[in-house]
Amino acid sequence: ETGVTQSPTHLIKTRGQQVTLRCSSQSGHNTVSWYQQALGQGPQFIFQYYREEENGRGNFPPRFSGLQFPNYSSELNVNALELDDSALYLCASSLDRGETQYFGPGTRLLVL
Amino acid sequence: GQQLNQSPQSMFIQEGEDVSMNCTSSSIFNTWLWYKQDPGEGPVLLIALYKAGELTSNGRLTAQFGITRKDSFLNISASIPSDVGIYFCAGITQGGSEKLVFGKGTKLTVNP
């Protein structure tokens, strides 16, 4: 059974650009959550998707958007990148809403 | 917003020593979780606590869910070099929100 995978592992973008990060959930998991982890900080909740619908959102602007596909994989899109968007972006999947969240290795994004 | 205050921020100990770290909050949490994060990896779940007053062990790790539901601690006994990493507490609040609220982490260094 494969765990949560994320791609790419690293990414460099410039201010104003757009980025798409991808997450494949663990087999059988229908819920995906996304977190942003700045250097030296704990992860901050961005949003959660359950069966292709958004199921809760943290304090992030609308330029952070997401999608969940019928196979429960997910994308995080960030438009109009800012320098402060530089962080490790973590995806976590769970068997169902409210169940234990298992994290992927993350995508490290650097915005120049 | 909700915030978890985690202490200490960092610890330097000798192999074989016991370690204790804790998390407090002004908000009530229904679930407390402890994660460990190694460099370049996502957080890995160590212990989950679901009831006020609950004391749970996982090998050399012991964690407790505070009676007030506003705090939790994690103890590591007889530390070994592979215990090195950043330990995060995380909580889930009442009310149906599935998001994890994380502390800022405790960085543990174990000297052989």
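Residues numbered from 1 in each chain as written. Chains lettered and ligands numbered in written order. Predicted model: local features only at pLDDT ≥ 70, side-chain atom pairs only at ≥ 80, totals over all residues. Heavy atoms only, no water.

Let us look at the state of the cysteines. Here the structure, examined in full by the defined rule, presents two disulfides over all chains. There is a disulfide in this structure between Cys-23 of chain A and Cys-91 of chain A, and the S-S distance comes to 1.7 Å. A torsion of -50 degrees about the S-S bond marks the disulfide between Cys-23 of chain A and Cys-91 of chain A as left-handed. Residue Cys-23 of chain A is found in strand β3 (residues 19-24), and its partner Cys-91 of chain A is found in strand β9 (residues 87-94); the two are separated by 68 residues along the sequence. Residue Cys-23 of chain A shares its accessibility class with Cys-91 of chain A, and that shared class is buried. In this model, Cys-23 of chain B is linked to Cys-89 of chain B through a disulfide, with the two sulfur atoms separated by 1.6 Å. As the torsion about the S-S bond is roughly -45 degrees, the Cys-23 of chain B-Cys-89 of chain B disulfide counts as left-handed. Note that Cys-23 of chain B is positioned in strand β3 (residues 19-24) and Cys-89 of chain B in strand β9 (residues 85-93), a separation of 66 residues in sequence. On the accessibility criterion, Cys-23 of chain B (0% relative accessible area) is buried. When its relative accessible area of 0% is taken as the criterion, Cys-89 of chain B is described as buried. (Disulfide = S-S within 2.5 Å. Helix = DSSP H or I, 4+ residues; strand = E, 2+ residues; numbered from the N terminus. Buried < 20%, exposed > 50% of the residue type's maximum accessible area, 1.4 Å probe, protein only.)

Bringing the packing of aromatic side chains into the picture now. Aromatic ring pairs are defined here through the distance separating the ring centres and the angle between the ring planes. Summed over the entire model, instances satisfying the criterion amount to ten aromatic pairs over all chains. The side chain of Arg-97 of chain A reaches across the aromatic face of Tyr-50 of chain A, ending 4.2 Å from its centre. (Phe/Tyr/Trp six-rings, centres within 6.5 Å; stacked < 30°, edge-to-face > 60°. Lys NZ or Arg CZ within 6 Å of the ring centre and 35° of its normal.)

Once that is clear, we can look at the pairing of strand β7 (residues 64-68) of chain A. Residues and elements named next belong to chain A. Side chains of β7 alternate between two faces, with Phe-64, Gly-66 and Gln-68 buried and Ser-65 and Leu-67 left unburied. One ladder, built from five bridges, connects β7 with strand β8 (residues 74-78); its direction is antiparallel. The residue bridging Phe-64 from the neighbouring strand is Val-78, located in β8. Hairpin connection of β7 to β8: five residues between the antiparallel strands, including Tyr-72 at a positive phi of 75 degrees. (Pairing = 2+ DSSP bridges.)

Residues and elements named next belong to chain B. Judged by pairing direction, the sheet is antiparallel, and its five strands sit side by side in the order β1-β3-β8-β7-β6 without closing on themselves. A single partner strand is all that each edge strand has here, and the edge strands are β1 (5-7) and β6 (55-58). Going across the sheet, the axis of each strand differs from the next one's by a mean of 15 degrees, ignoring polarity. Of the strand pairs in this sheet, β3 and strand β8 (residues 71-76) are connected by six bridges, and their pairing is antiparallel. Across the sheet, residue Met-21 finds its bridge partner in β8, namely Leu-74. (Axes fitted to C-alpha atoms, helices over the stretch in contact; angles between N-to-C directions.)

The next subject is the nonpolar core. Membership of the largest hydrophobic core comes to 22 residues, with the highest contact counts inside it found for Trp-32, Trp-34, Leu-74 and Leu-108 of chain B. At the level of elements, β2 (10-14), β3, β4 (29-37), β5 (44-49), β7 (61-65), β8, β9 and β11 (106-111) of chain B are the ones that each hand at least two residues to this core. Discounting residues that sit within four places of it in the chain, Trp-32 of chain B has contacts with Leu-4, Cys-23, Ile-47, Ala-48, Leu-49, Phe-65, Arg-69, Lys-70, Asp-71, Ser-72, Cys-89 and Ala-90 of chain B. Membership of the second largest hydrophobic core comes to 19 residues, among which are Val-32, Tyr-89, Leu-109 and Val-111 of chain A. (Core = buried A, V, L, I, M, F, W, Y, C linked by side-chain atoms within 4.5 Å. Contact = heavy atoms within 4.5 Å.)

With that settled, consider the pattern of salt bridges. Residue and element names in this part refer to chain A. Throughout the structure, instances matching the rule amount to six salt bridges over all chains. Across the salt bridge formed by Glu-82 and Arg-63, the nearest N and O atoms sit 3.3 Å from each other. Pair noted here: Glu-82 is in the loop between β8 and β9 and Arg-63 is in the loop between β6 (53-57) and β7, with a separation of 19 residues, a long-range link. Look at Glu-82 and you get partly exposed, because its relative accessible area is 41%. Judged by relative accessible area, which is 17%, Arg-63 ranks as buried. Ionic pairing is found between Asp-85 and Arg-63, a salt bridge with its closest N-O pair at 2.8 Å. In this pair, Asp-85 sits in the loop between β8 and β9 while Arg-63 sits in the loop between β6 and β7, placing the two residues 22 residues apart along the sequence. Judged on exposure class, the residue Asp-85 and its partner Arg-63 are both buried. Within this structure, Arg-63, Glu-82 and Asp-85 form a network of salt bridges that share partners. (Salt bridge = Lys/Arg side-chain N within 4 Å of Asp/Glu carboxyl O.)

Across a regular strand the side chains alternate sides, sitting on one face of the sheet and then on the other. All names here are of chain B. Only one face of β7 is covered, namely the one carrying Leu-61, Ala-63 and Phe-65; the face carrying Thr-62 and Gln-64 has none of its residues buried. In the sheet, β6 pairs with β7 via four bridges, with the strands oriented antiparallel. Pairing of Asn-58 across the sheet is with Leu-61, part of β7. Count of turn residues in the β6/β7 antiparallel hairpin: two residues, of which Gly-59 carries a positive phi of about 65 degrees. Note that β7 and β8 share five bridges and pair antiparallel. Considered in β8, the bridge of Phe-65 is made with Ser-72. The turn joining β7 and β8, which pair antiparallel and follow one another in sequence, is formed by five residues; a positive phi near 65 degrees is taken by Arg-69.

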